[in-house]
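# Geometric and topological summary
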Amino acid sequence: MHAIHDYLQNSPLVQRPLVATLLLNIDLLIDPQKYGLYRQQAVDAITEALDSSLINEGVQEKCCKALLILGGRFSLSGKLLTEDWILKVAGFKDGSHANSIVKEADLDIGDSTLSVSFISKFHSPLFLLCSIIFIWDWCNCPFFYNNQEDEEQAIAKWLRNLSVLLVGSGNKSFLEAISNCLAMGNRDLVTACLATVAWLTSILPSPTDDTELQQTLCTLISQLKQSLESGAQVQHKIIASMSLLNLSKIAEYRVMLMTIAEEMVGPLRSLADVTWTAKELYGIISSTTDL
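Reference entry: report on the structure contained in this document. (Residues numbered from 1 in each chain as written. Predicted model: local features only at pLDDT ≥ 70, side-chain atom pairs only at ≥ 80, totals over all residues. Heavy atoms only, no water.)

### Quick word on the overall build of the chain
For the record, the criterion: The helix count covers DSSP runs of H or I at least four residues long, the strand count covers runs of E at least two residues long, and both are numbered beginning at the N terminus. Under the scheme applied here, a residue whose accessible area is under 20% of the maximum for its type counts as buried, over 50% as exposed, and between as partly exposed, the area being computed with a 1.4 Å probe on protein chains only. Contacts: residue pairs with any heavy atoms within 4.5 Å of one another. Areas reported as accessible are Shrake-Rupley estimates using a 1.4 Å probe. Residue values count occlusion only from the protein chains shown.
Helices and strands together make up the secondary structure of the chain, namely 16 helices and zero strands. Looking at the 291 residues of the chain, the share that counts as buried comes to 49%. Within the chain, counting contacts between residues at least 6 apart in sequence, those at least 24 apart form 69% of the total. When the accessible surface of the chain is split by element, carbon and sulfur atoms take 53% of a total near 13700 Å².

This is the structure we're talking about:
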C-alpha cells in the first residue's frame, strides 16, 4: 500500500482520481475502523481532482469513473453499474438502463473477465499490479455472498464506512467539490455526482453543529433542486428526487426542503408517474404544507 501512496504522490494529475480511489478502497479493506494518513490523503486527492475537473477534461473523465467506482456497483466484467442500480431502485423503466441491468445480472459469479476488462484501461505497470492486488482483495471481501440480502447488508456497511471518510468529522470539502461539479453542468460529471449524492444521502447521519457543513448541505440541496427542475436528462431528475427524498427523512434537512417546497411541486408532479421517489416526496411536501 505504501507503493500505491508513493505513486499517488508522484503521478500525473489525470491519473490521481483512480489511483486515490484504489488506495482508499484497499485501505478500507485492510482495516475499516482505523483512520490513517493514507485514506485522508486519498480523499483529499479525489476532492482536489474534482476541483481540477472543472477546467480539465481529462481529469473530468477520470473523476466520473472514480465516483462511480466508489458507489460499489459494478459487474464482474468491469461495467460500472452505480447509476443503473440507483435508477433500478427508483423504479425507472428506461429500456437502455433496464437492459444493461438484466444483462449484468445474468453474469456468472465466476466470470474471470473482470481483471482483463477493468485493469486493461490503465497503462502504468505499477497501477496494473496494484489493480490486480485490489481485485484479489475485493473478491475475498464479504461482498460475494450467495444470499442477496447478506450481500446488500455488506455493501451498505461498506458504504457507511466510506461515507464517514467522505463527509464525516466535519469534512465538507468533498461535498463542496461535488456541489461545484453539479453547478458546472457537464452531463457525465453531473451523472456521476448525482449518483454519489444518492447513495451518500441514503446513509447520511443527522447534521452536526458544524455550521459550515450545514451551509454546504444547504447549497447541495439547492443544486439537487436545480437538477430536479431542469436536468439535462430525465435520469438526472429521478436521481435528484431520490436524494431529496433521502434528505426529507431527516428532520433537520426536511426543514431546509420545506423552504423550497413550492418550487419543487411542479417537477415532482411531472415525475410521479415515472418514479416512486418523486411521488413519495411530493406526498411528503403536500402533507406538510398548504400546497
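So much for the structure itself; the text now carries on.
### Section: helix H2 (residues 16-30)
Quick reminder of the rule: Helix span is expected to be 1.5 Å times the residue number reduced by one.
With 15 residues, H2 should cover 21 Å at 1.5 Å per step; its first-to-last C-alpha distance of 21 Å lies within 8% of that length. Most of H2 is tucked away: twelve of the 15 residues are buried. Among all positions of H2, only Pro17, Leu18, Val19, Ala20, Thr21, Leu22, Leu23, Leu24, Asn25, Ile26, Asp27 and Leu28 are buried.

### As for the state of the cysteines
Note the cut-off: The disulfide definition used here is simple: a pair of cysteine sulfur atoms within 2.5 Å.
The full count for this structure, using the stated rule, is zero disulfides. Its sulfur unpaired, cysteine 63 is 6.7 Å from the next cysteine sulfur, which belongs to cysteine 181. On the basis of relative accessible area, cysteine 63 is assigned to the buried category, the value being 3%. Free cysteine cysteine 193: the closest other cysteine sulfur is in cysteine 181, separated by 4.5 Å.

### Quick look at the side chain of threonine 191
Our working rule: Any pair of nitrogen or oxygen atoms within 3.5 Å is treated as a polar contact; in protein, a donor-acceptor pairing is required on top of that, and neighbouring residues in sequence qualify only through side-chain atoms on both sides.
Take threonine 191: it is sitting in helix H11 (residues 187-201). Side-chain polar atoms of threonine 191 contact the side chain of histidine 236, separated by 2.6 Å. Once residues lying within four places of it in the same chain are set aside, the contact partners of threonine 191 are Glu83, Gln233 and His236.

### A look at the packing of helix H12 (residues 211-230) against helix H13 (residues 234-248)
Rule in force here: Fitted lines through C-alpha atoms give the axes, limited to the stretch in contact for helices. The angle between two N-to-C directions lies from 0 to 180 degrees. Throughout this description, any angle smaller than 35 degrees is read as roughly parallel, any larger than 145 degrees as roughly antiparallel, any in the 65 to 115 degree range as roughly perpendicular, and the remainder as oblique. By the definition used in this description, the sense in which the near helix is turned from the far one sets the handedness, with an anticlockwise turn below a right angle giving left-handed and a clockwise turn giving right-handed. Residue polarity follows a fixed list, in which Ala, Val, Leu, Ile, Met, Phe, Trp, Tyr, Cys and Pro are nonpolar, Asp, Glu, Lys and Arg are charged, and the others, Gly among them, are polar.
Between H12 and H13, whose axes approach to 8 Å, the crossing angle comes to 140 degrees. Looking at the two axes, H12 sits oblique to H13. Of the two possible hands of crossing, H12 and H13 adopt the one that is left-handed. Contacts between H12 and H13 involve Ile221, Leu224, Lys225, Ser227, Leu228, Glu229 and Ser230 from the former and Lys237, Ala240, Ser241, Ser243, Leu244 and Leu247 from the latter. Residues belonging to the contact of H12 with H13 are distributed by class as follows: six nonpolar, four polar and three charged.

### A word on the nonpolar core
Cut-off, in case you're wondering: Buried Ala, Val, Leu, Ile, Met, Phe, Trp, Tyr and Cys residues form a nonpolar core when they are joined through side-chain atoms within 4.5 Å.
If you look at the biggest cluster of nonpolar residues, it comprises 76 residues, and the most contacted ones within it are Leu24, Leu50, Phe174 and Ile178. No other element matches H11, which puts ten residues into this core. Beyond its immediate stretch of four places on either side in the chain, phenylalanine 174 contacts Ile46, Thr47, Leu50, Leu67, Leu166, Val167, Thr196 and Leu200.

### Some remarks on the pattern of salt bridges
When the charged atoms of two side chains with opposite charge come close together, those side chains can pair. The criterion, for reference: Put simply, a salt bridge is a Lys or Arg side-chain nitrogen that is within 4 Å of an Asp or Glu carboxyl oxygen.
Counted by the stated rule, this structure contains four salt bridges. Aspartate 188 is paired through a salt bridge with arginine 187; the nearest N and O atoms lie 3.8 Å apart. By relative accessible area, which is 47% here, aspartate 188 ends up partly exposed. Residue arginine 187 is classed as partly exposed on the basis of its relative accessible area of 47%. The salt bridge partner of lysine 225 is glutamate 263, with a shortest N-O separation of 3.0 Å. Remark: glutamate 263 occurs in helix H15 (residues 261-271) and lysine 225 occurs in helix H12; sequence separation between them is 38 residues.

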